[in-house]
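Listed below are the residues making up each chain.
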Amino acid sequence: MERRVVITGLGVVAPNGVGLENFRSALKEGRSGIQFDQQLADLQFSCQVSGTPPIDKENLNEYFTDLELRNFNSTGIMYGVIAGLDAWKDAGLEPSQDENPDWDSGTIFGAGTSGIEKFRESIYKIDALQTRRLGSTAVSQTMNSGISAYLGGKLGLGNQVTTNSSACTTGTESILMAFDRIKSGKAKRILAGSTSDSGPYIWAGFDAIKVCNYKSNDDPEKASRPMSASAAGFVPGSGAGALVIEDLESALARNAKIYCEILGGNLNSGGQRGGGSMTAPNSVAVQKCVKDAINDSGIEAKDIDYISGHLTATSKDATEIQNLSTALNRSRKDFPYINSLKALTGHCLSAAASVECVATVLQLSGNFIAPNINCKDLNPEISAIIDAECIPHHLIKKEINIAAKVSFGFGDVNGCIIFKKYS
């Protein structure tokens, strides 16, 4: 028997808010977390603004042991552990206290890379013939599965513990992988999410290929402009989002709060064919991904009230809107409300989809649609497809029953999840 799957816990580390309450208020206020980045300026980057989460280092002892913090230099693991442990606590769960692991619980927590700064530090030590000074945590900080290994150990997880990686679609993929595992009865709950390191050694490649906005270094909060006619590229960001995905029967048995239900979704690739490439989407594949997600969820396109877009503030924003309009067969005023969290956080890369899924679930469960800032000068290619009123510039309080989250990543990979208010 296929099981119903719900979300019972959320955690987030975002440029505009660390912790659920801070992040929720930032969403409602349309508060940006993008700031001038002196390190990028010193390194002569073209783009000198970033979305870097404001971590209070004094509170790290709540999440890490003293040994773990010794020579600790992996921001992605830091963000992911904070978000993951917060989500577990938010779900009313405790780490396993038994000698045996919790066989019913696991984690699928994605990452693009791990510990770039630690890699850099290690390379310098190796070249200086100081290999023995790398420290006991160099491996765990730099292996790609470091984040899931840390979370698995801290929570005592005995089910699947793994890290996935699919560029900007990573978080959507992790949630759908967790959904499938729970739906098939192979786990009762999975901590799903994704994380991304911050800093110049992650972001330099994007600056080099000129996809980042270098025109707003003196006005950081206006730098990320999804769907705007004056959009000039994305702002690099980082962080982590985490969601406890759980079997409904398990959630009810322990009287857990339920944020929403996951109805279904889909993952696919355009194969870098038909106009798709490493950096550009195959529109046919994008449309198929959305249509197949709708079919998998047992709904109709007209049922979708709100879409959390991928929308990176590049030339592909209009293409995304056109693809969504075609897939849904909805346009003008009939199109759902849509916004892009990247206006407030920048593009958090491998963490983007999970942070945006947390935002989607908060909007769905809280009956509001967050403002999409910096796009009052709406791209005319977009206004030719959908009505301007579909893109909120101010907080909208509105009942949302079904929400869709779409993600598209380097390598021509696509993901779409359908969330529904639990009833």
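Numbers given for residues are sequential positions, taken from 1 along each chain in its written order. Where totals are concerned, whole chains, interfaces and linings use all residues; where local detail is concerned, this predicted model gives features only for residues with pLDDT of at least 70, and gives and counts side-chain atom pairs only at 80 or more. For side-chain calculations, the full set of non-hydrogen atoms in the structure is used, while hydrogens and water are omitted.

Asks: Whenever I open this one, the packing of helix α4 (residues 75-90) against helix α7 (residues 146-155) confuses me. Can you help?
Replies: Relative placement of two packed helices is described by the angle separating their axes and the distance separating the axes. Only the contacting stretch of a helix is used when fitting its axis, a line to C-alpha atoms as for every element, and angles between N-to-C directions run 0 to 180 degrees. Counting from the N terminus, the helices are DSSP H or I runs at least four residues long and the strands are E runs at least two residues long. Direction vectors running N to C along α4 and α7 enclose 40 degrees, while the axes themselves pass 9 Å from each other. Where α4 crosses over α7, the handedness of that crossing is right-handed. Between α4, through I77, G80, V81, G84, L85 and W88, and α7, the contact on the second element is made entirely by G146, I147, Y150, L151, K154 and L155. Note that Gly is not counted as nonpolar here; it falls among the polar residues with everything else outside the nonpolar set of Ala, Val, Leu, Ile, Met, Phe, Trp, Tyr, Cys and Pro and the charged set of Asp, Glu, Lys and Arg. Class assignment of the residues belonging to the contact of α4 with α7 gives a composition of 8 nonpolar, 3 polar and 1 charged. Left-handed describes a crossing whose near helix is turned anticlockwise from the far helix through less than a right angle; right-handed describes the clockwise counterpart. Residues count as neighbours in contact if any of their non-hydrogen atoms are within 4.5 Å of one another.

Asks: Can you walk me through the nonpolar core in this structure?
Replies: In globular proteins that are soluble, nonpolar side chains generally tend to be buried together. Within this scheme, the nonpolar core is defined by two criteria: the residues are buried Ala, Val, Leu, Ile, Met, Phe, Trp, Tyr or Cys, and they are joined through side-chain atoms within 4.5 Å. Only protein chains enter the accessibility calculation, which uses a 1.4 Å probe; a residue whose area is less than 20% of its type maximum is buried, one above 50% is exposed, and one in between is partly exposed. Residues I7, F23 and I245 are the most contacted members of the largest nonpolar core, which totals 44 residues. Top element by residues in this core is helix α14 (residues 352-366). It accounts for 8 residues. Among the domains, domain 1 (5-260) and domain 2 (265-421) are the pair contributing at least three residues each to this core. Every residue in contact with I245, bar those within four places of it in the chain, is listed here: V5, V6, I7, I175, A178, F179, I182, K188, R189, I190, A192 and I262. Residues V290, A327, L378 and I391 belong to the second largest nonpolar core, which totals 32 residues. Each domain span listed reflects an automatic or database assignment of domains.

Asks: Looking at this structure, how should I read the packing of aromatic side chains?
Replies: In this description, a pair of aromatic rings is defined by centroid distance and the angle of the planes. We call Phe, Tyr and Trp rings a pair once their centres come within 6.5 Å, taking the six-membered ring for Trp, and we label the pair stacked below 30 degrees between planes, edge-to-face above 60, and tilted otherwise. For the structure shown, the criterion picks out 5 aromatic pairs. Seen from their ring centres, F206 and F410 are 5.8 Å apart, and the 70 degrees between their planes marks the pair as edge-to-face. Highlighted residues: F206 in helix α9 (residues 200-208) and F410 in the loop between β14 (402-409) and β15 (413-420), separated in sequence by 204 residues. Residue classification places F410 among the partly exposed positions, given a relative accessible area of 34%. In this structure, K28 packs its charged tip against the face of F368, placed 5.0 Å from the ring centre. Working rule: Lys NZ or Arg CZ, within 6 Å of ring centre, within 35 degrees of ring normal, means a charge sits over the ring.

Asks: Explain the pattern of salt bridges to me, please; I cannot follow it from the model alone.
Replies: Should the charged atoms of two oppositely charged side chains come close, the side chains can pair. The rule for a salt bridge is simple: a side-chain nitrogen of Lys or Arg has to be within 4 Å of a carboxyl oxygen of Asp or Glu. All chains considered together, the criterion is met by 20 salt bridges. When the shortest N-O distance is used, the salt bridge between E21 and R24 registers 2.6 Å. Of this pair, E21 and R24 both sit in helix α1 (residues 20-29), 3 residues apart, roughly one helical turn. Of the residues examined, E21 reaches a relative accessible area of 55% and is grouped as exposed. Ionic pairing is found between K302 and D303, a salt bridge with its closest N-O pair at 3.5 Å. On the accessibility criterion, D303 (26% relative accessible area) is partly exposed.

Asks: What's the story with the domain arrangement of the protein chain in this structure? I'm lost.
Replies: Interface size is often expressed as the accessible area that is lost when the parts come together. Entries for the protein chain in the domain assignment read domain 1 (5-260) and domain 2 (265-421). Measuring from the centre of the C-alpha atoms in domain 1 to the corresponding centre in domain 2 gives 22 Å. In this complex, domain 1 contributes 68 residues to the contact, which on the side of domain 2 involves 61 residues. Taken as a group, L27, C168 and M227 account for 19% of the area that domain 1 buries against domain 2, more than any other trio of residues on that side. If you look at where domain 1 meets domain 2, you find 1 salt bridge. Notably, a salt bridge pairs D377 with R225, separated by 3.3 Å at the nearest N-O pair. Identification of polar contacts relies on pairs of N or O atoms within 3.5 Å, with a donor-acceptor requirement for protein atoms, meaning one able to donate a hydrogen and the other able to accept it, and with residues adjacent in sequence counted only if both atoms are side-chain atoms. At the junction of domain 1 and domain 2, the tally comes to 22 residue pairs in polar contact (both at pLDDT 80 or more). A simple way to read buried area is as the amount of 1.4 Å-probe accessible surface that goes missing from two parts once joined, with both sides added.

Asks: Got a minute to help me understand the pairing of strand β8 (residues 239-247) in this structure?
Replies: Strand residues, when the strand is regular, have side chains that alternate between the two faces of the sheet. Within β8, 9 of the 9 residues are buried, which leaves the element mostly enclosed by the surrounding structure. Residues G239, G241, L243, I245 and D247 point to one face of β8 and A240, A242, V244 and E246 to the other, with burial holding for every one of them. Direction of pairing for strand β1 (residues 5-14) relative to β8: antiparallel, over a ladder of 8 bridges. From the neighbouring strand, L10 faces β8, where its bridge partner is L243. For two strands to be treated as a pair, DSSP must find at least two bridges joining them. Note: strand β7 (residues 189-196) against β8, 8 bridges, orientation antiparallel. Looking at β8, one finds that A192 is bridged to L243.

Asks: How should the environment of Y259 be read in this particular structure?
Replies: Summarising the element assignment, Y259 is placed in the loop between α10 (248-253) and β9 (260-269). Taking relative accessible area as the criterion, Y259 reaches 11% and is therefore assigned buried. Sequence-wise, Y259 and L362 are 103 residues apart; in three dimensions their C-alpha atoms are separated by 7.8 Å. A distance of 2.6 Å separates polar atoms of two side chains, one belonging to Y259 and the other to D90.

Asks: Would you explain a nonpolar patch on the surface in this entry?
Replies: In this analysis, a patch consists of residues with relative accessible area above 30% that form no salt bridge, clustered at 9 Å for like charges and at 5 Å for the nonpolar side chains Val, Leu, Ile, Met, Phe, Trp and Tyr. Computed with a 1.4 Å probe, the accessible areas rest on the Shrake-Rupley method; for each residue, only the protein chains presented here act as cover. Taken together, the side chains of I209, M278 and F410 define a hydrophobic patch exposed on the protein surface, amounting to about 270 Å² of accessible area. Its place among the elements puts I209 in the loop between α9 and β8.

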